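Structure assessment
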Amino acid sequence: MRIDLATCYRLAAKMNWDDGIYTHISAAIPNQPDVYLINQFGLRFDEVTPLNLVKVNILGIVLVGAGPANVSGFAIHGAVHAARKDAMCVFHLHNESSIAVSAQAKGLLPLSQHAMRFYQDLAYHPYQGLALSADEQNELIGNLGAKKALLLKNHGSLVCGTSVQQAFYLMHTLDKACSIQLKVRDPMNDAIYPDEHICNKTYQQLCLDGDAEGQIEWPAFERWLLNS
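Summary of the structure given here.

The rules we used
- Residues numbered from 1 in each chain as written.
- Predicted model: local features only at pLDDT ≥ 70, side-chain atom pairs only at ≥ 80, totals over all residues.
- Heavy atoms only, no water.
- Helix = DSSP H or I, 4+ residues; strand = E, 2+ residues; numbered from the N terminus.
- Buried < 20%, exposed > 50% of the residue type's maximum accessible area, 1.4 Å probe, protein only.
- Contact = heavy atoms within 4.5 Å.
- Areas by Shrake-Rupley, 256 points an atom, 1.4 Å probe, with all protein chains shown as cover.
- Pairing = 2+ DSSP bridges.
- Right-handed = clockwise from strand over helix to strand, strands pointing away.
- Salt bridge = Lys/Arg side-chain N within 4 Å of Asp/Glu carboxyl O.
- Axes fitted to C-alpha atoms, helices over the stretch in contact; angles between N-to-C directions.
- Parallel < 35°, antiparallel > 145°, perpendicular 65-115°, else oblique.
- Left-handed = near helix turned anticlockwise from the far one by under 90°.
- Nonpolar A, V, L, I, M, F, W, Y, C, P; charged D, E, K, R; others polar.

Counting secondary structure elements, the protein contains 8 helices and 8 strands. Principal axes of the C-alpha set define a box for the protein whose edges measure 50 × 45 × 30 Å. For the protein, the proportion of its 228 residues judged to be buried stands at 47%. In the protein, once contacts between residues fewer than 6 apart in sequence are set aside, the share between residues at least 24 apart is 66%. Carbon and sulfur atoms form 55% of the exposed surface of the protein, whose accessible area is close to 10800 Å².

Take the pairing of strand 7 (residues 149–152) next. Because side chains alternate across strand 7, one face comprises the buried residues Ala 149 and Leu 151, and the other comprises Leu 150 and Leu 152, equally buried. Two strands pair when backbone bridges link them, and strand 6 (residues 122–125) and strand 7 are joined in this way by 4 bridges, in the parallel orientation. When the sheet's bridge partners are listed, His 125 is paired in strand 7 with Leu 152. In this view, the connection linking strand 6 to its parallel neighbour strand 7 by way of helix 5 (residues 134–144) has right-handed handedness. Remark: 3 residues form the turn of the hairpin made by strand 7 and strand 8 (residues 156–161), two consecutive strands paired antiparallel; Asn 154 in that turn has positive phi of roughly 60 degrees.

When you tally the buried positions in helix 2 (residues 74–83), you get 8 out of 10 residues, the bulk of the element. Turning to helix 2, its buried residues number three or more, namely Phe 74, Ala 75, Ile 76, His 77, Gly 78, Ala 79, Val 80 and His 81.

With that settled, the discussion passes to the pattern of salt bridges. This structure, assessed with the given rule, holds 7 salt bridges. Two residues, Asp 46 and Arg 44, come together in a salt bridge whose shortest N-O distance is 2.9 Å. Assessed through its relative accessible area of 39%, Arg 44 is described here as partly exposed. It is possible to trace a salt-bridge network through shared partners that takes in Arg 44, Asp 46 and Glu 47.

The next thing to look at is the packing of helix 2 against helix 5. In contact at an axis separation of 10 Å, helix 2 and helix 5 are set at 55 degrees when each is read in the N-to-C sense. In this view, helix 2 runs oblique relative to helix 5, as classed from their interaxial angle. Seen from above, helix 2 lies across helix 5 with right-handed handedness. Between helix 2, through Ala 75, Ile 76, Ala 79, Val 80 and Ala 83, and helix 5, the contact on the second element is made entirely by Gln 137, Leu 140, Ile 141 and Leu 144. In the contact of helix 2 with helix 5, the residues fall into 8 nonpolar, 1 polar and no charged.

Spatial ordering of the open sheet is given by 4-3-2-1-5-8-7-6, a layout of 8 strands whose pairing is mixed. Each edge of the sheet is formed by a strand with only one pairing partner; in this case those strands are strand 4 (62–64) and strand 6. Within the sheet, the average angular offset between the axes of one strand and its neighbour, ignoring direction, is 25 degrees. Pairing of strand 5 (residues 89–93) with strand 8, which is carried by 5 bridges, proceeds in the antiparallel orientation. The residue bridging Cys 89 from the neighbouring strand is Gly 161, located in strand 8. Sheet strands touched by helix 1 (residues 2–14): strand 1 (24–28), strand 2 (36–38), strand 3 (54–56) and strand 5. Its angle to strand 1, the strand with the most contacts, is close to 165 degrees. Where helix 5 meets the sheet, it contacts strand 6, strand 7 and strand 8, and its direction lies at approximately 155 degrees from that of strand 6.

If you trace the backbone, Ile 25 turns up in strand 1. For Ile 25 and Phe 168, which are 143 residues apart along the polypeptide, the C-alpha to C-alpha distance reads 9.6 Å. Sequence-distant contacts of Ile 25, defined by excluding residues within four places in its chain, comprise Leu 5, Cys 8, Tyr 9, Ala 12, Leu 37, Ile 38, Phe 45, His 77, Cys 89, Val 90 and Phe 91.

The structure is reproduced here in structure tokens:
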């Protein structure tokens, strides 16, 4: 898990998804209830290694490793991990494309095959300031429901996967879907939309791999990281 999560951080850095020392990717540790791995606060994504990841509890308090951890930054992750036991990896970014689309009134539109992966699998959460209170945590969890992805309005993106590999794949797909949408000059009036039946059909087709989603792509991304 340490190797996979550190690899995910390094890949995110190569994708230019990092935001200085802010935003995080967390992973639940198998057979250790309510114990998670996250980056040491103060490190850039490209500085994360398997050994400098820290273990934290559900509140983001460091249990093992050289801290500190960003406790307020872990608030979103802790809430999702606690509510969704299937969320083995929680990915929260301030990636520019997702922030831009989250600020658009209609959100993510079915303008690409990438976007159709989230046709029935994307939620939204309204912006409420920097700190995530207990009340807002509950609201965020309610908005996320059973979906894999969420756009935090005016803020960023979140995905939760049953594995690090799936979470990375979903974030890569979501980021690309948002980037494509931003390239359309006027998405409301200057775009071709597949009909609802096709969007639903494509979504079902793209979800056929289930929890295996992202597994076949992962070794290729590992090679890209190692060879560049």
